[in-house]
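Understanding the architecture of this molecule
Listed here are the chains, written in short residue letters.
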Amino acid sequence: MGGITYGVSPLQMAAAYGTLANGGVYTKPWCISRIEDSQGKVIYQNELVQNIAMKETTAYLVTDMLRTV
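Please read these numbers as outputs of a predicted model, since none were measured by experiment. Here, residues in each chain are numbered from 1, in the same order as that chain's written sequence. Given that this is a predicted model, residues contribute local features only at a pLDDT of at least 70 and side-chain atom pairs are listed and counted only at 80 or more, while totals for whole chains, interfaces and linings are drawn from all residues. For side-chain calculations, the full set of non-hydrogen atoms in the structure is used, while hydrogens and water are omitted.

**With respect to helix α1 (residues 10-21)**
Applicable threshold: Numbering goes from the N terminus for both helices and strands, where a helix is a DSSP run of H or I of at least four residues and a strand is a run of E of at least two. Multiply 1.5 Å by the residue count of a helix minus one, and that product is the helix's expected span. Contacts are residue-level and defined by heavy atoms, with any inter-residue pair within 4.5 Å sufficient.
Across its 12 residues, α1 extends 16 Å between first and last C-alpha, which sits within 8% of the 16 Å expected from 1.5 Å per residue. Tucked into the core, α1 has its buried residues touching β1 (25-27) and α2 (56-68). With its phi angle positive at about 70 degrees, glycine 23 sits one or two positions after the end of α1.

**Brief notes about a nonpolar patch on the surface**
Short version of the rule: Exposure above 30% relative accessible area and the absence of a salt bridge qualify a residue for a patch, where like charges join within 9 Å and nonpolar side chains (Val, Leu, Ile, Met, Phe, Trp, Tyr) within 5 Å. Residue-level accessible areas treat just the shown protein chains as cover; the underlying method is Shrake-Rupley with a 1.4 Å probe. Put simply, a salt bridge is a Lys or Arg side-chain nitrogen that is within 4 Å of an Asp or Glu carboxyl oxygen.
Taken together, Ile32, Ile35, Ile43 and Tyr44 make up a surface patch of nonpolar side chains, about 370 Å² in accessible area. Tracing the chain through its elements places tyrosine 44 in strand β3 (residues 42-45).

**Notes on the environment of glutamate 36**
Stated precisely, the cut-off is as follows: Residues adjacent in sequence count toward polar contacts only when both atoms are side-chain atoms; beyond that, a polar contact is any pair of N or O atoms within 3.5 Å, and within protein one must be able to donate a hydrogen and the other to accept it.
The topology assignment puts glutamate 36 in strand β2 (residues 34-36). In contact with glutamate 36, other than residues within four places in its own chain, are Lys41, Val42 and Ile43. Engagement of the side chain of glutamate 36 in a polar contact is seen with the side chain of arginine 34, the distance being 2.4 Å.

What follows is the structure, encoded as structure tokens:
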């Protein structure tokens, strides 16, 4: 499947399987959602990036096949 230095990373695999669980919508993984300063002012806020990767029916069928295995 891959490894840390070659192939597919665990984060990429989680994002791929997450797409199936999310009904075919790929959501770019992120680690930090928001950073605030000591006064509560938002310095950085992650913007959610989503793309339709496959039809919802396709995601359902693949998920069902994986469950059957």
